[in-house]
Amino acid sequence: HPGFDVNAVRRDFPILAERVNGKPLVWLDNAATTHKPRQVIERIAHFYAHENSNIHRAAHTLAGRATDAYEHAREVVRRFIHAPEVSEVIFVRGTTEAINLVAKAWGGQNVGEGDEIIVSHLEHHANIVPWQQLAQAKGAKLRVIPVDEQGQIRLDEYQKLLNARTKLVAIGHVSNVLGTVVPVKDVVQLARQRGITTLVDGAQSIAHTPVDVQDIGADFFVFSGHKIFAPTGIGVLWGRREVLEAMPPWQGGGNMIADVTFEKTVFQPLPNTFEAGTGNIADAVGLGAALEYVERIGIATISRYEHALVDYGMQQLGSIPGLRLIGTVPGKASVLSFTLAGYTTDEVGQALNAEGIAVRTGHHCAQPILRRFGVETAVRPSLAFYNTFDEIDQLVTVVRRLAGQRR
Ligand code: PMP
């Protein structure tokens with residue numbers, strides 16, 4: 001693959017040299033979480049060795065270093081997602097927290113009895129449950145965009161769901177079960193024409209496809225650091241300035257106030273309004289380092305390479321007797337879910353683990369979409385740019401052997 005040296009990339013990830021059950025680790029569980037390059041690990045170690053302090057509040061040197069590092073990371077996030085303003089980038093714990101923040105702060109203010117919230121059948125539980133809770137609390141209704149047999153959302157059906165009571169459309173960019181790349185730009189545009197607010201869940205797109213929040217056009221875009229080679233416990237809520245500024249703070253406390261008396265509090269402007277308390281400073285810095293690392297390789301290069309891997313994997317797995325691929329939308333990203341006749345998904349996962357191959361089995365926190373395809377669980381190999389064609393072959397060899405031994 002021109003311009004991309006996968007072996008050089010692999011040397012950046014120490015854990016890829018691990019052995020599991022006597023075999024070299026084959027990590028095909030990237031949709032659950034990704035590994036960290038030494039550039040991220042070393043950046044975090046450097047923070048604790050040379051910069052550690054709380055931020056914003058002190059005149060001393062380390063507070064300055066920590067604040068600079070944290071704010072630099074915010075600027076890297078802005079650049080990575082092409083946000084217009086750095087103050088629109090809010091650090092949170094992850095996708096789940098970002099969605100809950102919007103459901104509580106924005107939803108609490110803007111959703112009322114009889115209103116409707118639209119999600120799709122593809123959503124992860126993180127983009128279902130907070131809206132369901134909001135709907136229950138407010139007497140609002142959750143509406144669901146159906147998907148077709150390949151696993152793409154039905155835009156025609158979506159348009160029928162939009163009406164005067166629709167307050168929000170919350171849509172996943174890439175399905176964590178099917179790998180479907182959803183035409184979020186179209187989804188957003190159809191909502192915005194009607195003045196409806198939109199949120200895009202970028203947990204599964206951020207590491208696999210270029211993201212430009214201005215091009216997508218949504219009001220909110222959210223993602224988790226750990227899905228893009230950064231630590232757990234750090235993620236991003238991006239929102240349009242005017243939408244964020246019209247929202248009440250979610251949590252109250254230090255770091256987010258300008259002035260406090262017992263009578264009232266004046267809040268800080270963005271982004272601090274939504275960053276109450278001491279945040280995950282070091283891991284935000286680690287997220288910045290991870291995005292800079294991805295920038296150096298190029299997300300377009302990564303995307304091209306991964307699509308070649310996915311196409312190869314689909315073709316190879318698809319030729320195994322008794323194997324059913326779930327999610328077959330052309331151009332899908334990074335995920336190769338399947339079931340194998342004669343085996344539970346757990347048995348397939350165990351057999352792969354015995355060979356050092358890590359895949360997720362289970363419902364993948366997205367039960368509605370699996371049930372849409374008539375199953376409760378699936379085997380889910382999921383790729384990152386450090387995976388190789390050889391690793392796909394190893395996966396296929398084990399699954400093919402199981403298929404051949406079918407009872
Ligand atoms: N949305 C999608 C599409 C996901 O894949 C995930 C993680 N599996 C989440 C949301 C939740 O992310 P987190 O657990 O990092 O908050």
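Details of the structure are given in the entry above.
Residues numbered from 1 in each chain as written. Predicted model: local features only at pLDDT ≥ 70, side-chain atom pairs only at ≥ 80, totals over all residues. Heavy atoms only, no water.

*Asks:* Can you help me understand the site of the ligand in this one?
*Replies:* Close to the ligand lie Thr95, Thr96, His124, Ala126, Asn176, Asp201, Ala203, Gln204, Ser224, His226 and Lys227, which account for all nearby residues. Between the ligand and Thr96 there is a distance of 2.6 Å, counted from an oxygen atom to a side-chain nitrogen or oxygen. For the ligand, a nitrogen atom lies 2.6 Å from a polar atom in the side chain of Lys227. Across the complex, the protein chains shield 84% of the 400 Å² of accessible surface that the ligand would expose by itself. More than half of the atoms belonging to the ligand lie within 2 Å of the grid points that define the largest pocket. In the shell around the ligand, the residues fall into 2 nonpolar, 7 polar and 2 charged. (Near = heavy atom within 4 Å. Polar contact = N/O pair within 3.5 Å; in protein donor to acceptor, adjacent residues only side chain to side chain. Areas by Shrake-Rupley, 256 points an atom, 1.4 Å probe, with all protein chains shown as cover. 1 Å grid on protein atoms, 1.4 Å probe; cavity = no way out; pocket = protein on both sides within 12 Å on 5 of 7 lines; lining within 4 Å. Sits in = over half its atoms within 2 Å of the grid points. Nonpolar A, V, L, I, M, F, W, Y, C, P; charged D, E, K, R; others polar.)

*Asks:* What am I meant to see in the side chain of Thr273 here?
*Replies:* Mapped onto the secondary structure, Thr273 falls in the loop between strand 12 (265–267) and helix 10 (281–297). Thr273 gets classed as buried once you look at its relative accessible area, which sits at 10%. Polar contacts involving the side chain of Thr273 include one to the main-chain carbonyl oxygen of Pro269, which spans 3.3 Å. Discounting chain neighbours no more than four positions away, the residues touching Thr273 are Pro249, Met256, Phe267 and Gln268. (Helix = DSSP H or I, 4+ residues; strand = E, 2+ residues; numbered from the N terminus. Buried < 20%, exposed > 50% of the residue type's maximum accessible area, 1.4 Å probe, protein only. Contact = heavy atoms within 4.5 Å.)

*Asks:* How should the pairing of strand 5 (residues 116–120) be read in this particular structure?
*Replies:* In regular strands, side chains alternate between the two faces of the sheet. For strand 5, the buried fraction is high: 5 of the 5 residues fall into the buried class. The two faces of strand 5 match: Glu116, Ile118 and Ser120 on one face and Ile117 and Val119 on the other face are all buried. By the bridge criterion, 5 bridges tie strand 5 to strand 6 (residues 141–145) in an arrangement that is parallel. If you follow Val119 over to strand 6, its bridge partner there is Val144. The β-α-β motif built from strand 5, the intervening helix 5 (residues 129–138) and the parallel element strand 6 has right-handed crossover chirality. (Pairing = 2+ DSSP bridges. Right-handed = clockwise from strand over helix to strand, strands pointing away.)

*Asks:* Just checking my understanding: could you explain the sheet that holds strand 9 (residues 220–224) for this structure?
*Replies:* Strand pairing in a sheet relies on backbone hydrogen bonds, with the paired strands running either antiparallel or parallel. On the basis of which strands lie adjacent, the open sheet formed by 7 strands has the order 4-10-9-8-7-5-6 and mixed pairing. Sheet topology places strand 4 (89–92) and strand 6 at the edges, where each strand pairs with a single neighbour. Ignoring strand direction, the axes of neighbouring strands in this sheet form an average angle of 20 degrees. Of the strands in this sheet, strand 4, strand 7 (166–172), strand 8 (197–201), strand 9 and strand 10 (235–239) are in contact with helix 4 (residues 95–110), which crosses strand 9 at around 150 degrees. (Axes fitted to C-alpha atoms, helices over the stretch in contact; angles between N-to-C directions.)

*Asks:* How should the nonpolar core be read in this particular structure?
*Replies:* What tends to happen in soluble globular proteins is that the nonpolar side chains get buried as a cluster. Grouped together as the largest cluster of nonpolar side chains are 108 residues, with contacts concentrated most on Ile81, Ile228, Phe229, Leu287 and Phe385. A per-element tally of this core places helix 10 first, with 11 residues. Residues contacting Phe385, with those up to four places away along its chain left out, are Phe4, Val6, Val9, Phe13, Phe229, Tyr293, Ile297, Ile302, Tyr305 and Glu306. Listed in part, the 27 residues of the second largest apolar core include Ala103, Trp106, Ala140 and Met247. (Core = buried A, V, L, I, M, F, W, Y, C linked by side-chain atoms within 4.5 Å.)

*Asks:* Would you take a moment to explain the packing of aromatic side chains for this structure?
*Replies:* Where two aromatic rings form a pair, the distance of their centres and the angle of their planes describe that pair. What the rule picks out here adds up to 15 aromatic pairs. The interplanar angle of 80 degrees and the centroid separation of 6.1 Å between the aromatic rings of Tyr305 and Phe389 together place this pair among those described as edge-to-face. Of this pair, Tyr305 sits in helix 11 (residues 299–318) while Phe389 sits in helix 14 (residues 389–404); the two residues are 84 residues apart in sequence, bridging distant segments of the chain. Looking at Phe389, the relative accessible area reads 27%, which means it is partly exposed. Each residue in the set Phe4, Phe13, Phe229, Tyr293, Tyr305, Tyr312, Phe385, Tyr386 and Phe389 is aromatic and connected to the rest through ring pairs, giving one cluster. Positioned above the aromatic ring of Phe373 is the side chain of Arg372, whose terminal nitrogen or guanidinium carbon lies 5.0 Å from the ring centre. (Phe/Tyr/Trp six-rings, centres within 6.5 Å; stacked < 30°, edge-to-face > 60°. Lys NZ or Arg CZ within 6 Å of the ring centre and 35° of its normal.)

*Asks:* Is there a simple way to think about the pattern of salt bridges in this case?
*Replies:* Two side chains carrying opposite charge are able to pair once their charged atoms lie near each other. Applying the stated criterion across every chain, the model contains 24 salt bridges. Of the charged contacts in the structure, one is a salt bridge between Arg38 and Asp12, with a shortest N-O distance of 2.9 Å. Taken as a pair, Arg38 in helix 2 (residues 38–51) and Asp12 in the loop between helix 1 (6–11) and strand 1 (19–20) lie far apart in primary sequence, 26 residues in all. Three or more residues are tied together by salt bridges with common partners; here these are Arg154, Asp156, Glu157 and Lys160. (Salt bridge = Lys/Arg side-chain N within 4 Å of Asp/Glu carboxyl O.)

*Asks:* Mind showing me how you'd approach helix 11 here?
*Replies:* For helix 11, with 20 residues, the first-to-last C-alpha span of 27 Å sits near the 28 Å given by 1.5 Å per residue. Turning to helix 11, its buried residues are Ile299, Thr301, Ile302, Ser303, Tyr305, Glu306, Leu309, Val310, Gly313, Met314 and Leu317. (Expected span 1.5 Å × (residues − 1).)

*Asks:* I keep staring at helix 2 and nothing clicks. Help me out?
*Replies:* Quick reminder: α-helices carry 3.6 residues per turn. Residues three or four places apart thus point the same way. Helix length check: helix 2 (14 residues) gives 18 Å between terminal C-alpha atoms against 20 Å at 1.5 Å per residue, within 8%. Within helix 2, burial applies to Val40, Ile44, Phe47 and Glu51. The arc enclosing the buried residues of helix 2, seen along the axis, measures out at 90 degrees, which places them on a common side. The elements touched by buried residues of helix 2 are helix 3 (61–81) and helix 10. (Arc of directions from axis to C-beta.)

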